[in-house]
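Listed below, chain by chain, are the residues.
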Amino acid sequence: MVDRLITSLRALAACDRSQEQSRCAEVALDFSDALLLVSDCPQVELTPAQRGALQDLDDHLQRMTGDGNAGVQHGDGRPPDMSWTTVRSLAAEALRILGHPTRIESFTHSHHSDAL
């Protein structure tokens, strides 16, 4: 469960405009799902700083994809660089606060188990 969260954070930290937009959106959904599972699991104890870093990233992703934010994406379906720059920065910060190296892997090569 935590591994899935870390994998999705690393993928988000690597996502940018050069990546296929649908894959970036898929990774964002993976992160959201993993965050929900971790947040609801009483065995996983996060510090307030860790929860805050994860929530900041989740909030930013929600603003990027929210219905009231129609101007966030370009005509080709890709969000502006600034939004993904922030995503990468927030993901790297969350990894740092969680105590995981900010080693960025290409999410097209990341492996994570579907089983939690």
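Residues numbered from 1 in each chain as written. Predicted model: local features only at pLDDT ≥ 70, side-chain atom pairs only at ≥ 80, totals over all residues. Heavy atoms only, no water.

Undergrad: Whenever I open this one, the state of the cysteines confuses me. Can you help?
TA: Here a disulfide denotes a covalent bond joining the sulfur atom of one cysteine to the sulfur atom of another. The full count for this structure, using the stated rule, is one disulfide. A sulfur-sulfur separation of 1.9 Å characterises the disulfide bridge that pairs cysteine 15 with cysteine 24. On the basis of relative accessibility, which here comes to 0%, the residue cysteine 24 falls in the buried class. (Disulfide = S-S within 2.5 Å. Buried < 20%, exposed > 50% of the residue type's maximum accessible area, 1.4 Å probe, protein only.)

Undergrad: Even after reading the chapter, I still don't get the nonpolar core, so can you show me in this structure?
TA: The nonpolar side chains of a soluble globular protein tend to be buried, and buried together. If you look at the biggest cluster of nonpolar residues, it comprises 28 residues, and the most contacted ones within it are Leu5, Leu9, Leu12, Phe31, Leu54, Leu57 and Leu61. Per-element tally for this core: the top contributor is helix H2 (residues 21–40), with seven residues. In this structure leucine 61 touches Leu12, Ala28, Phe31 and Val87, once residues within four positions along its chain are discounted. (Core = buried A, V, L, I, M, F, W, Y, C linked by side-chain atoms within 4.5 Å. Helix = DSSP H or I, 4+ residues; strand = E, 2+ residues; numbered from the N terminus. Contact = heavy atoms within 4.5 Å.)

Undergrad: Could you clarify how one ought to interpret the environment of alanine 49 in this entry?
TA: For alanine 49, the location among the structural elements is in helix H3 (residues 48–65). Overall, alanine 49 belongs to the partly exposed group, its relative accessible area being 45%. A sequence separation of 49 residues divides alanine 49 from leucine 98, and the C-alpha atoms of the two residues are 8.9 Å apart.

Undergrad: Looking at this model, I keep getting lost on the pattern of salt bridges. Mind explaining?
TA: Pairs may arise between side chains of opposite charge once their charged atoms sit close together. Inspection of every chain in the model, using the stated rule, returns two salt bridges. Put simply, arginine 96 and glutamate 93 hold a salt bridge, and the shortest N to O gap is 2.7 Å. Note that arginine 96 and glutamate 93 are positioned in helix H4 (residues 81–97) at a spacing of three residues, about one turn of the helix. Judged by its relative accessible area of 33%, glutamate 93 is partly exposed. (Salt bridge = Lys/Arg side-chain N within 4 Å of Asp/Glu carboxyl O.)

Undergrad: Quick question: what am I supposed to make of the side chain of aspartate 58 here?
TA: Mapped onto the elements, aspartate 58 comes out in helix H3. Arginine 63 provides the closest opposite charge to the buried, unpaired aspartate 58, separated from it by 9.5 Å. (Lys, Arg positive; Asp, Glu negative; His and termini not counted.)

Undergrad: Can you walk me through a nonpolar patch on the surface in this structure?
TA: Nonpolar side chains collect at one region of the surface, where Met1, Val2 and Leu37 lie side by side and expose about 190 Å² of accessible area between them. With respect to the secondary-structure elements, valine 2 resides in helix H1 (residues 2–14). When its relative accessible area of 34% is taken as the criterion, valine 2 is described as partly exposed. (Patch = residues over 30% accessible without salt bridge, like charges linked within 9 Å, V, L, I, M, F, W, Y side chains within 5 Å. Areas by Shrake-Rupley, 256 points an atom, 1.4 Å probe, with all protein chains shown as cover.)

Undergrad: Looking at this structure, how should I read the confidence of the model for the chain?
TA: Segments scoring low in pLDDT should not have their predicted coordinates read at a detailed level. Residue-level pLDDT values for the chain average 77, and 68% of them are 70 or greater. Averaged pLDDT values for the elements of the chain fall to 87 in H4 and rise to 93 in H3. Contacts for the low-pLDDT stretch residues 68–76, under 50 throughout, to residues beyond four places or in other chains number 16 contacts. Across residues 105–116, where pLDDT falls below 50, the model places 18 contacts with residues more than four positions away in sequence or in other chains. (pLDDT = per-residue confidence, 0-100.)

Undergrad: What is the right way to read H1 from this model?
TA: Every α-helix winds through 3.6 residues per turn, so residues three or four apart in the chain are directed the same way. For H1, spanning 13 residues, the distance from its first C-alpha to its last is 19 Å, which sits close to the expected 18 Å at 1.5 Å a residue. Among the 13 residues of H1, 11 are classified as buried, and the element is accordingly described as predominantly covered. Inspection of H1 places Arg4, Leu5, Ile6, Thr7, Ser8, Leu9, Arg10, Ala11, Leu12, Ala13 and Ala14 among the buried residues, and these make up the whole buried set. (Expected span 1.5 Å × (residues − 1).)

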